[in-house]
Amino acid sequence: MQEINLEQILDEEIMGVQLPGNSKEDTIHYLAKLLLDKGYIKEIDGFVKDIYYRELLGKTGIGNFIAIPHGQSESVITNGIAIGEFKNEIPWETLDEKPVRIVCLFCVKAGDGGENEHLRMLAALAGKLGNDEVVAQLLNAKNVSEMKKAFL
């Protein structure tokens, strides 16, 4: 499986820091709106429905204040990852039973080998998200450039 270059998939236009939100629904809708506005998805409702379907299958809160909601959707035009650092701690089903502040919302086309692309994107990000220093940099990022730099 070919490795993904994070620099190529991290798009500052679908990233944000100190975002508003108090619930899982708020965060997913906020990031989905970014994806819609930047042409990654065709519409929000179907995309969000597909994300919630995947949420039913298992926890996407990986611990250490991070959630990685994802799923494949017919609504996706271009694969990408919307990343938000939220001001408030968001209640989420997580492996460590703690809330989240960083949400990496994957958008991946359904079919079309999308599952392989999704796994490659996940693998590229997971290595970084498992590093406490990277997580601290993400939580303290003052702007999107600092956020992107933490991943690279």
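Throughout what follows, the structure given in this document is the object of discussion. If you're wondering where the values come from, they're calculated on a predicted model, not measured in any experiment.

In terms of burial, strand 6 (residues 100-109) is a largely internal element, nine of the 10 residues being buried. One ladder, built from two bridges, connects strand 3 (residues 66-67) with strand 6; its direction is parallel. Paired with A67 across the strands is V103, a residue of strand 6. Relative to strand 6, strand 4 (residues 72-73) is paired through two bridges, and the arrangement is parallel. Each residue of the ladder has a partner; that of Q72, found in strand 6, is V108. Pairing of strand 5 (residues 80-90) with strand 6 involves seven bridges; the strand directions are antiparallel. The residue of strand 6 that forms the bridge with I81 is F106.

Here we take up the packing of aromatic side chains. One pass over the full model with this rule turns up one aromatic pair. Between Y30 and F86, the aromatic rings sit 6.4 Å apart at their centres with planes inclined by 80 degrees, giving edge-to-face as the arrangement. Taken together, the residues span a long stretch of sequence, with Y30 in helix 2 (residues 24-37) and F86 in strand 5 at a distance of 56 residues. On the basis of relative accessible area, Y30 is assigned to the partly exposed category, the value being 33%.

Moving on, we get to the nonpolar core. Within the largest apolar cluster, 27 residues are counted, with the highest numbers of intra-cluster contacts made by I83, C104, F106 and F151. Counting residues per element, this core draws most heavily on helix 4 (residues 114-129), at five residues.

Okay, the environment of K142 next. Checked against the element boundaries, K142 lands in the loop between helix 5 (132-140) and helix 6 (144-151). Sequence-wise, K142 and T27 are 115 residues apart; in three dimensions their C-alpha atoms are separated by 19 Å.

Take the environment of N140 next. For N140, the position within the fold is in helix 5. With a relative accessible area of 52%, N140 lands in the exposed category. Remark: the alpha-carbon pair of N140 and M15, spanning 125 residues in sequence, is separated by 14 Å. Reaching out from N140, the side chain makes a polar contact with the backbone oxygen of A136 at a distance of 2.9 Å.

Among all positions of helix 6, only V144, M147, K148, A150 and F151 are buried. Projection of helix 6 onto a plane perpendicular to its axis shows the buried side chains occupying an angular sector of 155 degrees, all on one side. For helix 6, the N-terminal capping position is held by N143, with its side-chain oxygen 3.1 Å away from the main-chain nitrogen of S145.

Reading the values: rules and limits
- Residues numbered from 1 in each chain as written.
- Predicted model: local features only at pLDDT ≥ 70, side-chain atom pairs only at ≥ 80, totals over all residues.
- Heavy atoms only, no water.
- Buried < 20%, exposed > 50% of the residue type's maximum accessible area, 1.4 Å probe, protein only.
- Helix = DSSP H or I, 4+ residues; strand = E, 2+ residues; numbered from the N terminus.
- Pairing = 2+ DSSP bridges.
- Phe/Tyr/Trp six-rings, centres within 6.5 Å; stacked < 30°, edge-to-face > 60°.
- Core = buried A, V, L, I, M, F, W, Y, C linked by side-chain atoms within 4.5 Å.
- Polar contact = N/O pair within 3.5 Å; in protein donor to acceptor, adjacent residues only side chain to side chain.
- Arc of directions from axis to C-beta.

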